[in-house]
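# Structure assessment
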Amino acid sequence: MKKKHIIGTLLLLVVLLTTVFILPFNIIKPGDPPENSVLKKEIESSLPVEVDQIIDRQQVGDDHAFFPFITEDGQRGMSVWKVEKRKWTIGASDNGGEPTLWKIDPEDPDTFYMIYNLHPDDGVDKIDFYSKRDRNYHIAGEYQTYVPQIMSKEEVDLSRSYGVHPIPELWKELQHQQGALAQSNGNGRRGLSPISSTNDHIQTLYVPYDDEGEHIRLKQTAGDHSFSNGEQMDLIMWMDPLELEEEQIQ
(Lines give C-alpha, C1' and ligand atoms only; values in the text may rest on other atoms or scores of the structure.)
Protein backbone atom coordinates (compact mmCIF):
# COMPACT_ATOMS: atom_id res chain seq x y z
CA MET A 1 0.00 0.00 0.00
CA LYS A 2 2.80 2.34 0.92
CA LYS A 3 4.45 1.77 -2.48
CA LYS A 4 1.17 2.48 -4.32
CA HIS A 5 0.72 5.62 -2.26
CA ILE A 6 4.21 6.87 -3.21
CA ILE A 7 3.59 6.15 -6.92
CA GLY A 8 0.24 7.92 -6.75
CA THR A 9 1.83 10.94 -5.08
CA LEU A 10 4.57 11.09 -7.74
CA LEU A 11 2.01 10.92 -10.56
CA LEU A 12 -0.01 13.70 -8.96
CA LEU A 13 3.14 15.80 -8.65
CA VAL A 14 3.96 15.27 -12.34
CA VAL A 15 0.44 16.35 -13.33
CA LEU A 16 0.66 19.45 -11.15
CA LEU A 17 4.06 20.43 -12.55
CA THR A 18 2.81 19.93 -16.11
CA THR A 19 -0.26 22.06 -15.45
CA VAL A 20 1.65 24.86 -13.73
CA PHE A 21 4.76 25.10 -15.88
CA ILE A 22 4.56 23.27 -19.22
CA LEU A 23 0.98 23.82 -20.46
CA PRO A 24 0.93 27.62 -19.98
CA PHE A 25 4.31 27.81 -21.73
CA ASN A 26 2.94 25.97 -24.77
CA ILE A 27 -0.36 27.87 -25.08
CA ILE A 28 0.95 31.34 -24.26
CA LYS A 29 -0.04 33.90 -26.87
CA PRO A 30 2.69 36.03 -28.47
CA GLY A 31 0.66 39.22 -28.10
CA ASP A 32 0.54 42.05 -30.61
CA PRO A 33 3.26 42.47 -33.25
CA PRO A 34 6.21 44.72 -32.29
CA GLU A 35 6.07 48.49 -32.25
CA ASN A 36 6.84 50.33 -35.49
CA SER A 37 10.30 51.33 -34.24
CA VAL A 38 11.21 47.65 -33.88
CA LEU A 39 9.74 46.84 -37.29
CA LYS A 40 11.79 49.60 -38.91
CA LYS A 41 15.00 48.40 -37.30
CA GLU A 42 14.50 44.80 -38.39
CA ILE A 43 13.46 45.75 -41.94
CA GLU A 44 16.51 47.99 -42.29
CA SER A 45 18.73 45.15 -41.09
CA SER A 46 17.31 42.89 -43.82
CA LEU A 47 17.34 45.36 -46.73
CA PRO A 48 19.57 48.24 -47.93
CA VAL A 49 16.86 50.81 -47.12
CA GLU A 50 15.94 53.43 -44.55
CA VAL A 51 12.31 53.12 -43.57
CA ASP A 52 10.45 56.40 -43.26
CA GLN A 53 6.98 55.10 -42.38
CA ILE A 54 5.12 51.89 -41.64
CA ILE A 55 1.91 52.61 -43.55
CA ASP A 56 -0.30 50.05 -41.87
CA ARG A 57 -0.32 47.03 -39.56
CA GLN A 58 -2.47 44.17 -40.86
CA GLN A 59 -2.53 40.99 -38.83
CA VAL A 60 -3.25 37.72 -40.66
CA GLY A 61 -4.58 35.22 -38.15
CA ASP A 62 -2.92 34.97 -34.75
CA ASP A 63 0.65 34.44 -35.87
CA HIS A 64 1.29 36.34 -39.11
CA ALA A 65 1.20 40.00 -40.09
CA PHE A 66 1.71 42.23 -43.13
CA PHE A 67 3.45 45.62 -42.95
CA PRO A 68 3.60 47.87 -46.04
CA PHE A 69 6.14 50.67 -45.71
CA ILE A 70 7.63 53.72 -47.41
CA THR A 71 11.39 54.32 -47.53
CA GLU A 72 13.17 57.64 -47.03
CA ASP A 73 13.48 58.02 -50.81
CA GLY A 74 9.78 57.34 -51.40
CA GLN A 75 10.05 53.73 -52.53
CA ARG A 76 7.26 51.35 -51.52
CA GLY A 77 8.13 48.07 -49.80
CA MET A 78 6.58 45.18 -47.90
CA SER A 79 7.45 43.06 -44.91
CA VAL A 80 5.69 40.00 -43.50
CA TRP A 81 6.21 38.70 -39.98
CA LYS A 82 5.49 35.43 -38.22
CA VAL A 83 5.43 33.98 -34.74
CA GLU A 84 8.34 31.64 -34.17
CA LYS A 85 9.11 30.04 -30.82
CA ARG A 86 6.35 32.18 -29.27
CA LYS A 87 7.84 35.51 -30.40
CA TRP A 88 7.36 37.74 -33.42
CA THR A 89 10.13 37.62 -36.01
CA ILE A 90 10.58 38.94 -39.53
CA GLY A 91 9.53 36.39 -42.18
CA ALA A 92 10.37 38.21 -45.42
CA SER A 93 10.78 41.72 -46.77
CA ASP A 94 11.14 43.44 -50.13
CA ASN A 95 12.05 46.98 -51.14
CA GLY A 96 9.39 46.81 -53.85
CA GLY A 97 5.65 46.40 -53.68
CA GLU A 98 4.87 44.32 -56.76
CA PRO A 99 1.98 41.84 -56.37
CA THR A 100 3.25 38.74 -54.59
CA LEU A 101 1.69 35.44 -53.60
CA TRP A 102 2.47 34.85 -49.93
CA LYS A 103 2.24 31.13 -49.13
CA ILE A 104 2.20 30.82 -45.36
CA ASP A 105 1.98 27.03 -45.69
CA PRO A 106 3.05 26.10 -49.25
CA GLU A 107 1.11 22.84 -49.01
CA ASP A 108 -2.17 24.47 -47.93
CA PRO A 109 -3.87 26.85 -50.42
CA ASP A 110 -6.13 28.07 -47.60
CA THR A 111 -3.09 30.03 -46.37
CA PHE A 112 -2.25 31.76 -49.67
CA TYR A 113 -2.51 35.56 -49.77
CA MET A 114 -1.98 38.16 -52.48
CA ILE A 115 -0.08 41.18 -51.17
CA TYR A 116 1.07 44.44 -52.78
CA ASN A 117 2.12 48.01 -52.03
CA LEU A 118 1.87 50.15 -55.17
CA HIS A 119 3.75 53.37 -55.88
CA PRO A 120 1.31 56.23 -56.61
CA ASP A 121 3.39 57.39 -59.58
CA ASP A 122 2.38 54.23 -61.43
CA GLY A 123 -1.20 55.52 -61.44
CA VAL A 124 -2.89 52.17 -60.86
CA ASP A 125 -6.68 52.38 -60.55
CA LYS A 126 -7.46 48.66 -60.36
CA ILE A 127 -5.82 45.27 -60.75
CA ASP A 128 -7.24 42.11 -62.26
CA PHE A 129 -5.66 38.97 -60.83
CA TYR A 130 -5.87 35.69 -62.72
CA SER A 131 -5.39 32.07 -61.81
CA LYS A 132 -4.60 30.11 -64.94
CA ARG A 133 -4.27 26.39 -65.47
CA ASP A 134 -3.04 25.31 -68.88
CA ARG A 135 -4.48 22.42 -70.84
CA ASN A 136 -2.67 19.18 -70.17
CA TYR A 137 -2.84 15.50 -70.92
CA HIS A 138 -1.54 12.77 -68.63
CA ILE A 139 -0.86 9.12 -69.36
CA ALA A 140 -0.03 6.86 -66.42
CA GLY A 141 -0.03 3.23 -67.41
CA GLU A 142 -3.49 2.41 -68.71
CA TYR A 143 -4.97 5.64 -67.35
CA GLN A 144 -5.38 8.72 -69.51
CA THR A 145 -6.41 12.08 -68.07
CA TYR A 146 -7.30 15.28 -69.91
CA VAL A 147 -6.96 18.48 -67.92
CA PRO A 148 -8.94 21.40 -69.43
CA GLN A 149 -7.72 24.97 -69.34
CA ILE A 150 -9.16 27.17 -66.61
CA MET A 151 -8.78 30.91 -66.18
CA SER A 152 -10.44 32.67 -63.24
CA LYS A 153 -10.37 36.43 -62.65
CA GLU A 154 -10.45 38.34 -59.36
CA GLU A 155 -10.84 42.11 -59.67
CA VAL A 156 -9.39 44.34 -56.95
CA ASP A 157 -10.41 48.01 -56.77
CA LEU A 158 -7.68 50.04 -55.15
CA SER A 159 -9.31 52.18 -52.49
CA ARG A 160 -5.86 51.88 -50.91
CA SER A 161 -2.54 51.42 -52.67
CA TYR A 162 -1.64 48.39 -50.55
CA GLY A 163 -3.41 45.27 -49.43
CA VAL A 164 -3.38 41.65 -48.32
CA HIS A 165 -6.12 39.42 -49.75
CA PRO A 166 -6.73 35.68 -49.37
CA ILE A 167 -6.97 33.97 -52.73
CA PRO A 168 -10.59 33.32 -53.83
CA GLU A 169 -12.33 30.11 -52.82
CA LEU A 170 -12.41 28.94 -56.44
CA TRP A 171 -8.63 29.26 -56.64
CA LYS A 172 -8.24 27.23 -53.47
CA GLU A 173 -10.43 24.52 -54.96
CA LEU A 174 -8.34 24.57 -58.11
CA GLN A 175 -5.14 24.10 -56.11
CA HIS A 176 -6.67 21.24 -54.13
CA GLN A 177 -7.88 19.60 -57.36
CA GLN A 178 -4.38 19.80 -58.78
CA GLY A 179 -3.07 18.09 -55.66
CA ALA A 180 -5.64 15.31 -56.01
CA LEU A 181 -4.82 14.98 -59.73
CA ALA A 182 -1.12 14.61 -58.97
CA GLN A 183 -1.90 11.93 -56.41
CA SER A 184 -4.08 9.98 -58.83
CA ASN A 185 -1.30 10.11 -61.44
CA GLY A 186 1.24 8.73 -59.03
CA ASN A 187 2.96 12.04 -58.27
CA GLY A 188 1.72 12.03 -54.68
CA ARG A 189 4.01 9.19 -53.67
CA ARG A 190 5.84 9.34 -50.40
CA GLY A 191 8.28 12.23 -50.13
CA LEU A 192 6.55 14.35 -52.74
CA SER A 193 3.98 16.99 -51.89
CA PRO A 194 1.02 16.71 -54.29
CA ILE A 195 0.39 20.46 -54.31
CA SER A 196 3.98 21.61 -54.66
CA SER A 197 4.59 19.04 -57.40
CA THR A 198 1.81 20.48 -59.60
CA ASN A 199 1.98 24.20 -58.92
CA ASP A 200 3.99 24.63 -62.14
CA HIS A 201 0.71 24.05 -64.02
CA ILE A 202 -1.11 26.85 -62.19
CA GLN A 203 -0.02 30.42 -62.78
CA THR A 204 -1.06 33.47 -60.80
CA LEU A 205 -0.96 36.56 -63.01
CA TYR A 206 -2.08 40.18 -62.88
CA VAL A 207 -3.01 43.03 -65.21
CA PRO A 208 -3.02 46.61 -63.82
CA TYR A 209 -5.15 49.40 -65.28
CA ASP A 210 -5.07 53.19 -65.01
CA ASP A 211 -8.15 55.35 -64.42
CA GLU A 212 -8.88 55.37 -68.17
CA GLY A 213 -8.99 51.58 -68.31
CA GLU A 214 -5.66 51.25 -70.13
CA HIS A 215 -3.19 48.45 -69.40
CA ILE A 216 -0.04 49.71 -67.70
CA ARG A 217 3.25 48.41 -66.26
CA LEU A 218 4.42 48.90 -62.67
CA LYS A 219 7.70 50.73 -63.21
CA GLN A 220 8.02 52.68 -59.95
CA THR A 221 6.65 49.88 -57.77
CA ALA A 222 9.33 47.35 -58.74
CA GLY A 223 12.09 46.61 -56.23
CA ASP A 224 15.54 45.09 -56.56
CA HIS A 225 16.26 43.60 -53.12
CA SER A 226 14.42 40.99 -51.08
CA PHE A 227 15.01 38.96 -47.94
CA SER A 228 13.43 35.72 -46.72
CA ASN A 229 13.51 34.02 -43.36
CA GLY A 230 11.57 30.92 -44.33
CA GLU A 231 8.41 32.52 -45.76
CA GLN A 232 7.60 31.56 -49.35
CA MET A 233 6.96 34.66 -51.45
CA ASP A 234 6.21 34.02 -55.14
CA LEU A 235 6.24 37.05 -57.41
CA ILE A 236 2.96 37.30 -59.33
CA MET A 237 3.80 37.76 -62.99
CA TRP A 238 2.49 40.62 -65.12
CA MET A 239 0.24 39.32 -67.89
CA ASP A 240 0.69 40.61 -71.41
CA PRO A 241 -2.65 42.14 -72.52
CA LEU A 242 -2.22 40.47 -75.93
CA GLU A 243 -2.10 37.09 -74.19
CA LEU A 244 -5.27 38.01 -72.30
CA GLU A 245 -7.04 38.86 -75.56
CA GLU A 246 -5.96 35.54 -77.09
CA GLU A 247 -7.28 33.65 -74.05
CA GLN A 248 -10.64 35.44 -74.31
CA ILE A 249 -10.94 34.60 -78.02
CA GLN A 250 -10.50 30.86 -77.42
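Definitions and limits used
Residues numbered from 1 in each chain as written. Predicted model: local features only at pLDDT ≥ 70, side-chain atom pairs only at ≥ 80, totals over all residues. Heavy atoms only, no water. Helix = DSSP H or I, 4+ residues; strand = E, 2+ residues; numbered from the N terminus. Buried < 20%, exposed > 50% of the residue type's maximum accessible area, 1.4 Å probe, protein only. Contact = heavy atoms within 4.5 Å. Areas by Shrake-Rupley, 256 points an atom, 1.4 Å probe, with all protein chains shown as cover. Pairing = 2+ DSSP bridges. Axes fitted to C-alpha atoms, helices over the stretch in contact; angles between N-to-C directions. Patch = residues over 30% accessible without salt bridge, like charges linked within 9 Å, V, L, I, M, F, W, Y side chains within 5 Å. Salt bridge = Lys/Arg side-chain N within 4 Å of Asp/Glu carboxyl O. Lys, Arg positive; Asp, Glu negative; His and termini not counted. Charge placed at Lys NZ, Arg CZ, Asp CG, Glu CD. pLDDT = per-residue confidence, 0-100. Phe/Tyr/Trp six-rings, centres within 6.5 Å; stacked < 30°, edge-to-face > 60°. Lys NZ or Arg CZ within 6 Å of the ring centre and 35° of its normal.

Within the protein chain, the regular secondary structure consists of 5 helices and 16 strands. Here the protein chain holds 250 residues, and the buried ones make up 40% of them. Within the protein chain, contacts between residues at least 6 apart in sequence are counted, and of these 61% link residues at least 24 apart. If you sum the accessible surface of the protein chain, you get close to 14,600 Å²; carbon and sulfur atoms cover 50% of it.

Pairing is antiparallel across the open sheet formed by 4 strands, whose spatial order is β12-β7-β6-β15. With one partner strand each, in any of the chains shown, β12 (162–166) and β15 (232–235) form the two edges of the open sheet. Direction aside, neighbouring strands of the sheet carry axes that sit 25° apart on average.

A cluster of acidic residues, E44, E50, D52, E72 and D73, forms a negative patch on the protein surface. Relative to the helices and strands, E44 resides in helix α2 (residues 36–46).

We now examine the environment of Y113. Structurally, Y113 is set in strand β7 (residues 112–117). A relative accessible area of 17% places Y113 in the buried class. As a C-alpha pair, Y113 and P166 span 53 residues in sequence and 4.2 Å in three-dimensional space. Not counting the four nearest positions on each side in its chain, Y113 is found in contact with V60, T100, L101, W102, I104, V164, H165 and P166.

A few words now on the confidence of the model for the protein chain. Per-residue confidence for the protein chain gives a mean pLDDT of 83; residues scoring 70 or more make up 78%. Note that pLDDT drops below 50 for residues 19–26; the model gives that stretch 6 contacts with residues more than four away or on any other chain. Throughout residues 187–200 the model reports pLDDT below 50, and contacts reaching past four residues in sequence, or to other chains, amount to 21 contacts.

Moving on, we come to a nonpolar patch on the surface. Nonpolar side chains collect at one region of the surface, where Y137, I139 and Y146 lie side by side and expose about 370 Å² of accessible area between them. Positionally, I139 belongs in strand β9 (residues 136–140). Look at I139 and you get exposed, because its relative accessible area is 59%.

Here the focus is the packing of aromatic side chains. Tallied over the entire structure, the rule returns 4 aromatic pairs. Residues F129 and Y206 carry aromatic rings whose centres are separated by 6.5 Å and whose planes lie at 45° to one another, so their mutual orientation is tilted. Pair noted here: F129 is in strand β8 (residues 126–133) and Y206 is in strand β13 (residues 202–209), with a separation of 77 residues, a long-range link. Accessibility assignment for this pair places F129 and Y206 in one class, buried. Through a chain of ring-to-ring contacts, three or more aromatic side chains come together here, namely Y116, F129 and Y206. For K126, the ring lying beneath its charged end belongs to Y209, and the centroid distance is 5.0 Å.

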